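Close look at the chain arrangement
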Amino acid sequence: MYQLKNSRRGKLSLNTLFIVLFCAILALGSPGTVFSGEISGATAVPDHITLTWASDPSTTQSIAWRTDINMAGGQVQYAEAGETGSWPRETEIHTTGGAGLVTPLGDMNIHAVMLTGLKPGTRYLYRVGGEEGWSAVHTFTTAPRNIERFKFLVFGDSQSTSYALWRATLHGAYGANANAAFFTNVGDLVDQGQDYNQWNGWFNAAEGVIDNIPAMPITGNHEYYTAERGRTAWPVFFTTQFKLPQNGPAELKGQVYSFDYGNVHFVMLDSQAGEGAVFVPDMLEKQKAWLEDDLQNTRQPWKIVFMHRSPYNNRLNRDNGHIRAAFVPILERYNVQLVFTGHDHVYARTYPLRGDAPAVKGSGTVYVISGRSGTKTYPDNVARNWDEFFYDPTDEPNYLTVEVQGDSLTVNSVKLSGGLIESWSLCNKPAGE
Ligand SMILES: [Fe+2]
């Protein structure tokens, strides 16, 4: 059983440099800027280097990167940071060729390697590439075996007309939270997920963060959209580039998955039945059966679920009743404490709910719509009677920090410029304590 502690409003300390950067971005790239795509195709030298976990965060590290189509293979060189002696100590050779993508920027290969047998709680140096060219040296850190306290970052929809604001939000969040273990996106990372121009802007903006801490994102409806208005496709650009756990239901592997970090079981769902059912007709039914089994088998005290469309939404003429009907009974049956969502580009937190109503004290599921980390806002978001807190971030983007320490979990919703929208906590104590 857990309890909601008092929320508070306040101000975090302002980062002067960051505000200057933010003002410059507002001046140069105000909403309405036409996204033209950044003209940079892949070369022999790796870029778009992306860390994820496809397996145990304490002993493995997945790394993906992009090259031109001529680079059939590649290598990862790595060593423990601070080790004396020659660099690198280990080389993981990948010679099977990358996944070829045909894009408006030219054909390219997406390469991926999963390092295994790593030491828990250890910082490593690494670089990717080969004789034709190496990336700069980056770092990653494996999860400790016993984690007393950790933090992760959550970003609302980053889909944009220009990815400068996403760059500022991501880098600002990471700069203020360099101890974050990883970050997540709640879907709609880009405006048209089957148009590589969009990913080019997104990955270029993420450089410097996504090569240092893992990204564990989910799909939104826009990951299914092509450059041709009104057309959808299966989100293969997403699953090709993000090497995520393959423990989801058949046909949804890599976009529906779960993993553990510390004392939290994370479950990532795909709520895009409207876009995806034409390809996998029973995608919600498949997820319901998998979710039931997945939650039944975890022994982690915290259970946190991510999905793009919220069962309890805020846009005036939206109602995600089909998502509510599909997932809420299962989330309640297994006492999921917290659900992060997106889609409405608003920051809103419900009361702990059970049966569509505020739960008795010490129970219920809190649903958080995470805000926005890109340029897009909506004029018709409204507070609902299930909301305990509501803020429409039309002034500037925001991000969330989530810190877990034992039976305590604290969420801060923070503006790009550093202002604190709200801070609130959950306490997950066994009944009777
Ligand atoms: Fe969306």
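To start, this report covers the structure provided alongside it.

**Considerations on the packing of aromatic side chains**
- Across all of its chains, the model carries 32 aromatic pairs by this definition.
- On the numbers, 5.1 Å between centres and 85° between planes, the contact of Phe152 with Phe266 is edge-to-face. Here Phe266 lies in strand β15 (residues 264-268) and Phe152 lies in strand β12 (residues 149-155), a separation of 114 residues in the sequence. Taken as a pair, Phe152 and Phe266 share a single burial class, namely buried.
- Between the aromatic rings of Trp234 and Phe279, the centroid separation amounts to 5.8 Å while the plane-to-plane angle is 65°, which identifies the pairing as edge-to-face. Separated by 45 residues along the polypeptide, Trp234 in the loop between α3 (196-206) and α4 (236-241) and Phe279 in the loop between α5 (273-276) and α6 (283-297) bring together distant segments of the chain.
- Note on Phe279: relative accessible area 33%, which makes it partly exposed.
- The residue whose ring lies beneath Arg315 is Tyr378, and the NZ or CZ to ring-centre distance is 3.5 Å.
- The ring centre of Trp424 lies 5.0 Å from the NZ or CZ of Arg349, which sits over that ring.

**Looking at the layout of surface pockets**
- Taken as a whole, the second largest pocket encloses approximately 260 Å³ of empty space.
- Forming the walls of the second largest pocket are 19 residues, and the residues nearest its centre are Thr141, Asn179, Ala180, Ala181 and Ile213.
- Secondary-structure elements contributing two or more residues to the lining of the second largest pocket are β11 (138-141) and β12.
- Looking at the lining of the second largest pocket residue by residue, the class counts come to eleven nonpolar, five polar and three charged.

**Section: unusual backbone geometry**
- Of note, the phi angle at Asp188 is positive, near 55°, even though the residue is not glycine.
- Although it is not a glycine, Asn335 sits at a positive phi angle of roughly 55°.
- Positionally, Asn335 belongs in the loop between α7 (321-333) and β17 (338-341).
- Classification of Asn335 by relative accessible area gives partly exposed; the value is 45%.

**Regarding the sheet that holds strand β8 (residues 108-115)**
- Here four strands make up an open sheet; going across it, the order is β3-β4-β8-β7 and the pairing antiparallel. Each end of this open sheet is capped by a strand with a single partner; those strands are β3 (47-52) and β7 (99-101). The mean angle between the axes of side-by-side strands here comes to 20°, regardless of whether they run parallel or antiparallel.
- The pairing of β3 with strand β4 (residues 61-68) spans four bridges and is classified as antiparallel. Note on β4: the bridge partner recorded for Leu51 is Ile63.
- Sitting on the sheet, α3 touches β3, β4, β7 and β8, and the angle it makes with β3 is about 75°.

**Points about the coordination of the iron ion**
- Those protein atoms acting as donors to the iron ion are Asp188 (OD), Asn221 (OD1), His308 (NE2) and His343 (ND1), and they sit at 2.0 to 2.2 Å.
- Along the chain, the residues that donate to the iron ion are spaced as D-x32-N-x86-H-x34-H. Taken together, the positions of Asp188 in the loop between β13 (182-185) and α3 and Asn221 in the loop between α3 and α4 put the pair 33 residues apart, joining distant regions of the chain. Both residues of the pair, Asp188 and Asn221, belong to the buried class.

**A word on empty space enclosed by the protein**
- According to the stated counting rule, one finds one cavity of 30 Å³ or more in the structure shown.
- Residue lining of the largest cavity: His48, Thr50, Ala64, Trp65, Arg66, Ile110, Phe203 and Gln241, and that is the complete set.
- For the lining of the largest cavity, the secondary-structure elements that each account for two or more residues are β3 and β4.
- Among the elements that line the lining of the largest cavity, the one with the most residues is β4, at three residues.
- Its residues assigned to classes, the lining of the largest cavity comprises four nonpolar, three polar and one charged.

Rules of the game
Residues numbered from 1 in each chain as written. Predicted model: local features only at pLDDT ≥ 70, side-chain atom pairs only at ≥ 80, totals over all residues. Heavy atoms only, no water. Phe/Tyr/Trp six-rings, centres within 6.5 Å; stacked < 30°, edge-to-face > 60°. Helix = DSSP H or I, 4+ residues; strand = E, 2+ residues; numbered from the N terminus. Buried < 20%, exposed > 50% of the residue type's maximum accessible area, 1.4 Å probe, protein only. Lys NZ or Arg CZ within 6 Å of the ring centre and 35° of its normal. 1 Å grid on protein atoms, 1.4 Å probe; cavity = no way out; pocket = protein on both sides within 12 Å on 5 of 7 lines; lining within 4 Å. Points joined across faces, edges and corners; volume = space filled by probe spheres on them. Nonpolar A, V, L, I, M, F, W, Y, C, P; charged D, E, K, R; others polar. Pairing = 2+ DSSP bridges. Axes fitted to C-alpha atoms, helices over the stretch in contact; angles between N-to-C directions. Contact = heavy atoms within 4.5 Å. Donors = N, O, S within 2.8 Å, 3.2 Å for Na, K, Ca; no water.

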